[in-house]
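# Fold and geometry: a report
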There are 2 protein chains.
Amino acid sequence: MHELIGKDSIKMRLSDRVSSMQFSPIRGFNKLAAKEEAKGKKIYHLNIGQPDIETPKAFIETVRAYDDKVLSYSESNGIPQLLDAIIGYYKLYDVNLTRDNIIITNGGSEALKLVFATVLNPGDEIMVPEPYYTNYISFGCETVAVINPVPTTAEDGYAWAVKEKLEAALTPDTKAICCNNPNNPTGRVLSREDMKVVCEFAKEHNLWIISDEVYREFVFDGEEITTFGMMEEYADRIILVDSVSKRYSACGARIGAVISKNEELMDGVLKLAQGRLCVPTLEQYGAAALFRLGPDYLNEARREYESRRDAAYEEISNIPNVICEKPGGSFYLMAKLPIDDAEDFLRFLITEFEDEGESVMFAPAEGFYKTPNKGKNEIRIAYVLNSEKMRRSAKLIRLGIEAYREKKGL
Amino acid sequence: MHELIGKDSIKMRLSDRVSSMQFSPIRGFNKLAAKEEAKGKKIYHLNIGQPDIETPKAFIETVRAYDDKVLSYSESNGIPQLLDAIIGYYKLYDVNLTRDNIIITNGGSEALKLVFATVLNPGDEIMVPEPYYTNYISFGCETVAVINPVPTTAEDGYAWAVKEKLEAALTPDTKAICCNNPNNPTGRVLSREDMKVVCEFAKEHNLWIISDEVYREFVFDGEEITTFGMMEEYADRIILVDSVSKRYSACGARIGAVISKNEELMDGVLKLAQGRLCVPTLEQYGAAALFRLGPDYLNEARREYESRRDAAYEEISNIPNVICEKPGGSFYLMAKLPIDDAEDFLRFLITEFEDEGESVMFAPAEGFYKTPNKGKNEIRIAYVLNSEKMRRSAKLIRLGIEAYREKKGL
């Protein structure tokens, strides 16, 4: 049968943008893991930002109550109920929005894709603190734009909002700064002073600021929650990307938003949004219920992630020869392991290693770097499981390192 | 307040792709209509392909039954239940698929966007029969690719699967043929012979065939339902785009699919799909229930649209000086009106005209053409309302034409 297929054709070619893209380093090992899980191995998934926290019941209850007879298209910018719920939520941070400042998207991912397509021409450059959320590279490829890394290091706490560092990364083709606050994968959180540095730099060089703030409330140790939405003076160049995925543990809802007070920008995003017609209707009603939950829910979520962070950091940083900076926010930590190749180590953990029938997965960090030879022995851990499971997972990493080093004669 | 915003910046620039795009000619007048509707005017919406047919209850019942505590990401290619339901549905047409041949998308729209991004480089050209679904232009702009129209006319029944017509539109940069079968907006349906012509042409010039088949079952007058999935000999260059929106009257679910037996293509699409993580989980369960409905549902839907087509065509073609070809499929018809500017006429219908407190909307057809000076006095009507409402809507168009011509002194 298969020999029949394509017998007519010379090899069909794909676009350069897709040929140059990698498969997701976060999801790439899922198939391999599924095979082992089917055989009975229990694997702790720290590779993907999928929390085990229950989605607030308000979501599914609102969805279940939907009873229009026809499941219709909604407006391309989103249903008014959701827009208004988001406006209400932002008042928590004294950010005043109108409906016209918001366009609902299929998750933060689509928000980023629409924003990149709206502000970047092929060949334009976009500055991104490195290591970065790996899909920024994918969205850059898709737009045929170029990612310009702003290198950071564990030693200086992954700081990047520093004039000299930004200047070193700037080129004549730089059109935007894209950042993630709190940061995935480093956990770095920007202070108001940091944001001021970024805004002044953007103003000086006439750059857009694209701030992906999907981990907004996950800021620990009593530090202030910050959003570029607070930088009203620079509002015309600021674009926020938001999502319910992490904040409300609703990753499968795929509801996000582009938020900006720049009318022209929002018109551009709306043109693209009209092309894909709309975001699912039911999910928008559910998401509106989430945004109405209020600060108690958010505070409890923050406390839970802080205790997970504490457990994960304590255990991981105690593994011999592991270098790990304590993250101040989001729900990730980066760790440098005493091995040479994190991908090979991960494959070993999935297919060869086990302790009492259990193993663990993380995201190899090489895909979070553009600078050559960086990240090969680094990993990103998502502390999305409860503290007990995080401790167990860290122990599995420790035992795995020992077994791997022995096997490799390291 | 507003004067404060952006006081720091020189004008921020948008990308050329977005600047060159138009707002949706289908959705563009919605705001204006909403204003009049708020004042009490009843407007029949024939501008958008939003059927009034009830969404099968299986959808919402399946969604309501979902009771996982955490609404998680699904795999980027879709949940197995939905993939298997689609495999089952395609057996109706003797098309044999595996899970690897299918990637679930956010509606047919995202399917088209992913496919364009996977096969087209900036500057590549794509042949599209004209008039076309207006968003093909949007997706082309987004990919920075160029749409090459294959002009068709009402006089020859909007036929385009003709070697000479295809050859006339071919350029050295043509990489793909993108068609819609049955066609939006013309209603043209391809026969097996037509598909053979297209396949042979694509083979000769090594082109991809992207076939958007979201109206598949809406084929009238006893003609055969066709899909490029039947052209097994050419499978390696064929890419199907599918969706639940029209077939199951579930536009707000936003569930579609890319379907192809070309493994390399599917790997490329998967890379892009991984970037946006996944499609909403709940909607996928609901859509799986729809694909399992079977042929009885589909036959009934076809009969209903055929009677609407009959009502709409009879009334519209009887309006004096209106030229209108009887459509063989989909749920649209094109009509040339005895006016000079369909956009201006539409604005008149919404804001000035009424008959017993009612008016009507359609899509002005200029946006469905790339060839200059075409479509200005043409409109697309979606026969998505029941026959009685279609007759009333057609009457409103007739009365509207009379009133408009009188006002304009035509």
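Here we summarise the structure given alongside this text. (Residues numbered from 1 in each chain as written. Chains lettered and ligands numbered in written order. Predicted model: local features only at pLDDT ≥ 70, side-chain atom pairs only at ≥ 80, totals over all residues. Heavy atoms only, no water.)

### Quick notes on the pattern of salt bridges
Cut-off, in case you're wondering: Salt bridge, as applied in this entry: a Lys or Arg side-chain nitrogen positioned within 4 Å of an Asp or Glu carboxyl oxygen. Each helix is a run of DSSP H or I of at least 4 residues and each strand a run of E of at least 2, with the numbering of both proceeding from the N terminus. Remark: exposure states derive from per-residue accessible area (1.4 Å probe, protein chains only) relative to the maximum for the residue type, with buried under 20%, exposed over 50%, and partly exposed in between.
Per the counting criterion, the structure on display carries 62 salt bridges over all chains. As a salt-bridge pair, A:Lys163 and A:Glu204 come within 3.8 Å of each other at their nearest N and O atoms. Of this pair, A:Lys163 sits in helix H7 (residues 163–169) while A:Glu204 sits in helix H8 (residues 192–205), and the two are 41 residues apart along the sequence. Judged by its relative accessible area of 38%, A:Lys163 falls in the partly exposed class. The closest approach of N and O atoms between B:Glu213 and B:Arg216, which form a salt bridge, is 2.8 Å. The same class applies to B:Glu213 as to B:Arg216, namely buried. Taken together, the salt bridges that share partners define one network made up of A:Glu213, A:Arg216, A:Glu217, A:Asp242 and A:Arg247.

### Quick word on the interface of chain A and chain B
Quoted interface sizes are often the accessible area lost when the parts come together. Stated formally: For this analysis, residues touch if any pair of their heavy atoms sits within 4.5 Å. Accessible area that two parts lose when put together, with a 1.4 Å probe and added across both, is what the buried area reports. Polar contact is defined as a pair of N or O atoms within 3.5 Å, subject to the rule that within protein one atom must be able to donate a hydrogen and the other to accept it, and that residues adjacent in sequence are counted only when both atoms are side-chain atoms. Residues are sorted three ways: Asp, Glu, Lys and Arg are charged, Ala, Val, Leu, Ile, Met, Phe, Trp, Tyr, Cys and Pro are nonpolar, and all the rest, Gly among them, are polar.
If you look at the interface, chain A gives 104 residues, while chain B gives 103 residues. Of the roughly 8600 Å² buried at the junction of chain A and chain B (both faces included), carbon and sulfur atoms supply 54%. Considering only the surface of chain A that becomes buried against chain B, A:Met12, A:Arg27 and A:Tyr73 emerge as the three largest contributors, covering 10% of it. Linking chain A with chain B are zero salt bridges, by the criterion used here. Seen at the junction of chain A and chain B, the total is 45 residue pairs in polar contact (both at pLDDT 80 or more). Mapped onto the side of chain A that touches chain B, the elements with two or more residues apiece are helix H1 (16–19), helix H2 (30–38), helix H3 (57–65), helix H5 (107–119), helix H6 (135–143), helix H9 (263–275) and helix H10 (281–291) of chain A. Grouping the constituent residues of the side of chain A that touches chain B by class yields 43 nonpolar, 29 polar and 32 charged.

### Thoughts on the sheet that holds strand S12 (residues 363–364) of chain A
All names here are of chain A. The condition that has to hold: Paired strands, in this sense, are two strands between which DSSP finds at least two bridges.
The strand order across the open sheet built from four strands is S9-S10-S13-S12, with neighbouring strands paired in antiparallel fashion. The open sheet terminates on both sides in strands that have one partner only, identified here as strand S9 (323–324) and S12. Bridge count for S12 against strand S13 (residues 378–382) is two bridges, and the pairing is antiparallel. Looking at the pairing, Ala 363 lines up with Arg 380 of S13.

### Describing the environment of A:Ser393
All names here are of chain A. Tracing the backbone through its elements, the reader meets Ser 393 in helix H13 (residues 387–408). Taking relative accessible area as the criterion, Ser 393 reaches 0% and is therefore assigned buried. For the pair Ser 393 and Gln 81, spaced 312 residues apart in sequence, the C-alpha to C-alpha distance is 41 Å. When neighbours within four sequence positions are excluded, Ser 393 is seen to be in contact with Tyr 44, Leu 46, Val 360 and Leu 385.

### A few points about H3(A)
Filter applied, for reference: The arc in question is the one spanned by the directions pointing from the helix axis to the C-beta atoms.
Inspection of H3(A) places A:Phe59, A:Ile60 and A:Val63 among the buried residues, and these make up the whole buried set. One side of H3(A) carries all its buried residues, which in axial view fall inside an arc of 85°. Buried-residue contacts for H3(A) involve H10 of chain A together with helix H3 (57–64) and helix H10 (281–291) of chain B.

### Looking at the relation of the copies chain A and chain B
Applicable threshold: Least-squares fitting of one copy onto the other uses the C-alpha atoms of those residues that reach a pLDDT of at least 70 in both copies.
Taken as rigid bodies, chain A and chain B are interconverted by a rotation of 180° and an axial shift of 0.0 Å, the fit giving an RMSD of 0.0 Å. Viewed as a symmetry operation, the transformation between the two copies matches a two-fold axis. When C-alpha distances to the rotation axis are compared across chain A, the minimum falls at A:Arg64, with a value of 2.6 Å. The residues that chain A uses at the interface reappear at the interface of chain B in 99% of cases, marking a shared surface.

### Let's talk about unusual backbone geometry
Of note, the amide linkage connecting A:Asn184 to A:Pro185 takes the cis form, showing an omega dihedral of 15°. Secondary-structure assignment places A:Pro185 in the loop between strand S5 (174–180) and H8. The backbone phi angle of B:Leu277 is positive, close to 70°, even though this residue is not glycine. Checked against the element boundaries, B:Leu277 lands in the loop between helix H9 (263–275) and H10. Overall, the relative accessible area of 10% leaves B:Leu277 in the buried class.

### Re the packing of aromatic side chains
Note the following rule: Here a Phe, Tyr or Trp ring, Trp counted by its six-membered ring, pairs with any other such ring whose centre lies within 6.5 Å, and the pair is stacked when the planes are under 30 degrees apart, edge-to-face when over 60, and tilted otherwise. Cation placement over rings: the criterion is NZ of Lys or CZ of Arg within 6 Å of the ring centroid and within 35° of the ring normal.
Summed over the entire model, instances satisfying the criterion amount to 34 aromatic pairs over all chains. Ring centres of A:Tyr89 and A:Tyr90 lie 5.1 Å apart, and the angle between their planes is 90°; this geometry places the pair in the edge-to-face category. A relative accessible area of 2% places A:Tyr89 in the buried class. Between A:Phe331 and A:Tyr332, the aromatic rings sit 5.0 Å apart at their centres with planes inclined by 50°, giving tilted as the arrangement. Note on accessibility: A:Phe331 and A:Tyr332 belong to one class, buried. Following the ring pairs from residue to residue traces out a cluster consisting of A:Tyr89, A:Tyr90, A:Tyr93, A:Tyr248, A:Phe291 and A:Tyr297. If you follow A:Lys271 out to its NZ or CZ, it ends over the ring of B:Phe23, 5.6 Å from the centre.

### Section: the pairing of strand S3 (residues 125–130) of chain B
Residue and element names in this part refer to chain B. Put simply, the rule reads: With the strands pointing away from the viewer, any crossover whose connection runs clockwise from the first strand over the helix to the second is right-handed.
Of all six residues in S3, six are buried, a share of seventy percent or more. Note: S3 against strand S4 (residues 146–151), six bridges, orientation parallel. Looking across to S4, one finds that Val 128 is bridged to Pro 149. Traced from S3 through helix H6 (residues 135–143) to S4, the parallel crossover comes out right-handed. Pairing of S3 with strand S5 (residues 174–180), which is carried by three bridges, proceeds in the parallel orientation. Bridging from a neighbouring strand, Ile 126 pairs with Ala 176 of S5.

### What to know about the nonpolar core
Filter applied, for reference: Working definition of a nonpolar core: buried Ala, Val, Leu, Ile, Met, Phe, Trp, Tyr and Cys residues. They are joined through side-chain atoms within 4.5 Å.
Within the largest apolar cluster, 208 residues are counted, with the highest numbers of intra-cluster contacts made by A:Phe228, A:Ile316, B:Phe228 and B:Ile316. Those residues in contact with B:Phe228, other than ones at most four positions away along the chain, are B:Cys179, B:Leu190, B:Met195, B:Val198, B:Cys199, B:Ile209, B:Ser211, B:Glu213, B:Ile238 and B:Leu240. Formed by 97 residues, the second largest nonpolar core is a distinct cluster that contains A:Ala111, A:Val115, A:Met334 and B:Leu270.

### A word on the sheet that holds strand S13 (residues 378–382) of chain B
All names here are of chain B. This is how it is decided: In this analysis, axes come from line fits to C-alpha atoms, helices being fitted only over the stretch in contact, and the angle between any two N-to-C directions falls in the range 0 to 180 degrees.
Read from one edge of the open sheet, four strands run S9-S10-S13-S12, paired in antiparallel fashion. Only two strands of the sheet have a single neighbouring strand rather than two, namely strand S9 (323–324) and strand S12 (363–364). Relative to strand S10 (residues 332–336), S9 runs antiparallel, the two being bridged by two bridges. Within S10, the residue paired with Cys 324 across the bridge is Ala 335. Sheet contacts for helix H11 (residues 295–317): S9, S10 and S13; angle to S10, the most-contacted strand, approximately 5°.

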